[in-house]
Amino acid sequence: MDQQSWRLRLREQPPGGQPGEVLGAGVLFGQDLVLTCAHVLPGRTDQVRVEFPLLKGKLQGVSRTATVLDEYFVPRHGKHEGDLALLRLTSPAPVPSTVVLDRDPVPYDTRVMVDGFPRGRSGGFWVDAQLKGPGGHGDEWVQLNPVGYRDRDPRGFSGAGVTEAGSGRLIGIMVAVYGNPDTEEPLLYFYMIPGATIAGHLPLVAAHHMTGSPVIPPQLSVAPEAARTGRPLGLQRTLTRWLHRDADTWDTETVFVREDDAEAASALRTTLNLADRERSPALSTADTRRSGDGTVPRPGTIDLAVAAAGMSHEELTRALEPRQQLSSVAIVSADRSAATPQELAGLLRTLADRGVRLLLVLNAPEPALTQELLPPGRARLWLARLAARTDRLSDAERSIKELHRRLTPRVTRLPAVPDPRSVDAQLWTAQLTAEWEWERDGDEAALLEKLSYAEQAVEHFLLGAERAERELRTELDRLHGLRGLLAAEQARLSREDRAEDAGATVHYREAQRLLRGGPSDLDDVQRAVDVFVRSVHRLLDEEPAPQDSGASQDPGVSQAPGRPPDGTDGEDEDL
């Protein structure tokens, strides 16, 4: 059987049956399923011609027609997300394909090969490339750097299978993106859509044409509806900070989650699922992608999660040892495994020595495990990190207080503000510091548990404070913007010697009254300013300018009644 039978060339299918322009490439699964990029297709309902360029002998030149499976068409969305499509051949391929797509994470800097069909080389062209890291803004893709390829018009590569050099395993498909198509030399970016991302968007491929174990085991997976309910956001941000390798996180991190805390367990699972390229597409929503609060991890930031509860040493070894290229691993309920703490510590120490980052999720203190895995002085470092987060909470609460002071005389319906909690956080930090001083030479496991819960609580309070700070600052910016717009339009009237127009003056006074006369709803202010702006545009942009009456008035000094003579528009210095 020809093992190159999976490589496909896609063309337009114009009326008359003659082959059209090359659109791109594709991958054949089985006898009739074609994977490609959504953007290479002329339309969602258009048929395309599928050719088998690497087949030899009498089969060469044979082609088929394919149509899009509507439920498996994922257009490119957001910033470099999606862009996948499955098509079905109208009749079976001349030679079936046995290729499978590998979902296992691939280390960055891995050398790969791509066979595409750029213009002028419709017979195919091989390119060597290197995986460089998360690609695009959605992190669903991986950046590819071609080696020695400089073609200025490389269209025809999108949809081509990407294979790992040496092993030949299929690990994804290629997508090319033009960054600036209007210039003479458009910026072209190459990416790979990895197997895990494809599995997340196209469950039909995941179910029948993939190899490799999922990053998230069934015990830790969550349904979309469960992931969108209320969650302990402090725990999620603690986990996300580790997944994102924030500067004050450690390669081996410890997080405690009580065994009977169902909400926290759901938050843990949700965060790990969102960090997995395969699970993330089903869980992500527009709100999670735009959250910006540090509680939603980027896809691809976790390589493996292990549900360790009840697993023997042999089972844990099998789950971890075959994964030779791991970067970030979460061991959930490590203290509930059937292995002894010493056995588990030895296994995890081997991973850590290979440079693997470990997230150790514990339900209760386990001194033998933490003493083996964590460096001396972890409690002291954790206290310093907790103090720094507490200081950030104090800063945010001071900022909220000041913003409220400035806005309250001017704006009604201000966003709700959480109760101050920085004093509580400072007290916890002081108490835990004292406890560390008393038991510096003793067992730190119980103190680590308290530090974990304290940090989760501080992160929760900090998230609320930061959200309130952002919302209040948005209100202040909106107020400044409305004042600036009102002043700018009034200045236009003055320059055109129309500031005394009766109609515009009425609208100006009303907007000024709402801005200066006491707390107002900013929606009402917006409407009043909009009415004035429209009246100015009618006067200056639509009506003819008035004839000069010979008056000696200086247009630069012209003022609307009620407008302060210094031109400040009544704006408070405090704002």
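Per chain, residues are indexed from 1 in the order of the written sequence. With pLDDT at 70 or above as the cut-off, local features in this predicted model cover only qualifying residues; side-chain atom pairs require 80 or more to be listed or tallied, and sums for whole chains, interfaces and linings still use all residues. Side-chain descriptors were evaluated using all non-hydrogen atoms of the structure, hydrogens and water having been removed beforehand.

Novice: Describe empty space enclosed by the protein, listing the residues and the values that go with them.
Specialist: Grid points spaced at 1 Å over the protein atoms alone were grouped into cavities, where a 1.4 Å probe fits but cannot get out, and pockets, open sets with protein on both sides within 12 Å along at least five of seven lines, with lining residues defined by an atom within 4 Å of a point. Grid points are joined across faces, edges and corners, and a volume is the space filled by probe spheres set on the points. One pass over the structure, following the stated rule, counts three cavities of 30 Å³ or more. One number sums up the size of the largest cavity: a volume of about 60 Å³. Taken together, Thr238, Arg241, Trp242, Thr249, Glu253, Arg385, Glu455 and Glu459 make up the full set of residues lining the largest cavity. Strands here mean DSSP runs of E at least two residues long; helices mean DSSP runs of H or I at least four residues long; both are numbered from the N terminus. Those elements that provide at least two residues to the lining of the largest cavity are helix 4 (233-243) and helix 13 (445-495). In terms of residue count, helix 4 provides more of the lining of the largest cavity than any other element does, three residues in total. Among the residues forming the lining of the largest cavity, the class breakdown is one nonpolar, two polar and five charged. Amino acid classes used here: Ala, Val, Leu, Ile, Met, Phe, Trp, Tyr, Cys and Pro are nonpolar; Asp, Glu, Lys and Arg are charged; the rest, including Gly, are polar.

Novice: Which residues make up helix 14 (residues 502-516), and what are the values?
Specialist: At 3.6 residues per turn, the α-helix brings residues three or four places apart onto the same side. With 15 residues, helix 14 extends 21 Å from end C-alpha to end C-alpha; this agrees with the ideal 21 Å at 1.5 Å per step. All buried positions along helix 14 are accounted for by Ala504, Thr505, Tyr508, Ala511, Gln512, Leu514 and Leu515. In this structure, the buried side of helix 14 is in contact with helix 13 and helix 15 (522-542). Side-chain atoms alone can form a polar contact between residues adjacent in sequence; in general such a contact is a pair of N or O atoms within 3.5 Å, and within protein one must be able to donate a hydrogen while the other accepts it. The backbone nitrogen of Gly503 lies 3.1 Å from a side-chain oxygen of the residue at the head of helix 14, namely Asp501. Expected helix span is taken as 1.5 Å per residue step, with the number of steps being one fewer than the number of residues. We call a residue buried when its accessible area falls under 20% of the maximum for its residue type, exposed when it is over 50%, and partly exposed in between, using a 1.4 Å probe and counting protein chains only. Contacts are residue-level and defined by heavy atoms, with any inter-residue pair within 4.5 Å sufficient.

Novice: Pulling in residues and values, what's your account of the side chain of Arg277?
Specialist: Within the secondary structure, Arg277 sits in the loop between helix 5 (262-274) and helix 6 (280-283). Here Asp and Glu are counted as negative and Lys and Arg as positive; His is not counted, and neither are the chain ends. In what follows, salt bridge is the name for a side-chain nitrogen of Lys or Arg lying within 4 Å of a carboxyl oxygen of Asp or Glu. No salt bridge is formed by the buried Arg277, whose closest oppositely charged neighbour, Asp139, lies at an N-O distance of 5.7 Å. Within polar-contact distance, the side chain of Arg277 engages the backbone oxygen of Asp139 at 3.0 Å. Of the polar contacts made by the side chain of Arg277, one reaches the backbone oxygen of Glu140; its length is 3.4 Å. For Arg277, the residues in contact, after removing those within four places along its chain, are Tyr108, Pro134, Asp139, Glu140, Trp141, Val142, Pro194, Ala196, Thr197, Pro299 and Gly300.

Novice: Break down the sheet that holds strand 16 (residues 304-307) for me, citing the residues and quoting the values.
Specialist: Only when DSSP finds a minimum of two bridges between them are two strands counted as paired. Reading across the sheet, the four strands line up as 15-18-17-16 and stay open at both edges, with parallel pairing between neighbours. Strand pairing shows two members of the sheet lacking a second neighbour, strand 15 (252-256) and strand 16, which therefore form its edges. Between one strand and the next, the sheet's axes are offset by a mean angle of 15 degrees, whatever the strand orientation. Pairing of strand 16 with strand 17 (residues 328-332) involves four bridges; the strand directions are parallel. Paired with Ala307 across the bridge in strand 17 is Val332. Between the N-to-C directions of two axes lies an angle of 0 to 180 degrees, each axis being a line fitted to C-alpha atoms and, for a helix, fitted only over the stretch in contact.

Novice: Explain the pattern of salt bridges to me, using residue names and the numbers behind them.
Specialist: Two side chains bearing opposite charge may form a pair once their charged atoms approach each other closely. Inspection of every chain in the model, using the stated rule, returns 37 salt bridges. Put simply, Arg9 and Glu51 hold a salt bridge, and the shortest N to O gap is 2.6 Å. Residue Arg9 is found in strand 1 (residues 7-12), and its partner Glu51 is found in strand 4 (residues 48-51); the two are separated by 42 residues along the sequence. Comparing Arg9 with Glu51 shows no difference in burial state: the two are buried. Through salt bridges with shared partners, one network takes in Arg237, Arg241, Asp246, Asp248, Arg389, Arg392, Glu459, Glu466, Glu469 and Arg473.

Novice: So, the sheet that holds strand 4: which residues are in play, and what are the values?
Specialist: Taken in spatial order, the six strands of this closed barrel run 1-2-3-6-5-4, and their pairing is antiparallel. Strand after strand, the sheet turns through a mean of 40 degrees between neighbouring axes, direction not considered. Where strand 4 meets strand 5 (residues 63-74), four bridges bridge the pair, whose relative direction is antiparallel. Following the sheet pairing, Val50 is matched in strand 5 by Arg64.

Novice: Give me the lowdown on the environment of Leu239, citing residues and values where you can.
Specialist: Mapped onto the fold, Leu239 is located in helix 4. Each C-alpha atom, one on Leu239 and one on Val296, is 9.3 Å from the other, the two residues being 57 residues apart in sequence. Once you skip the residues sitting within four places of it in the chain, Leu239 turns out to touch Val255, Leu268, Thr271 and Leu359.

Novice: Let's hear about unusual backbone geometry: which residues, and what values?
Specialist: For residues other than glycine, phi is negative in most cases, and the peptide bonds are mostly trans. In the Ramachandran plot, Arg245 falls in the positive-phi region, its phi being about 60 degrees despite a non-glycine side chain. Inspection of the secondary structure puts Arg245 in the loop between helix 4 and strand 15. We classify Arg245 as partly exposed; its relative accessible area is 46%. In this structure, Ser333 takes a positive phi of about 55 degrees despite not being glycine.

Novice: Tell me about the confidence of the model for the chain, and name the residues and values.
Specialist: Known as pLDDT, the predictor's per-residue confidence is scaled from 0 to 100. Mean pLDDT over the chain: 86, with 85% of residues reaching 70 or higher. A low-confidence stretch, residues 548-573 (pLDDT under 50), is modelled with 42 contacts involving residues beyond four sequence positions or located in other chains.

Novice: I'd love a proper account of the environment of Glu444, names of residues and values included.
Specialist: Considering the arrangement of structural elements, one finds Glu444 in the loop between helix 12 (422-438) and helix 13. Here Glu444 is in contact with Arg378, Ala379 and Trp436, once residues within four sequence places are set aside.

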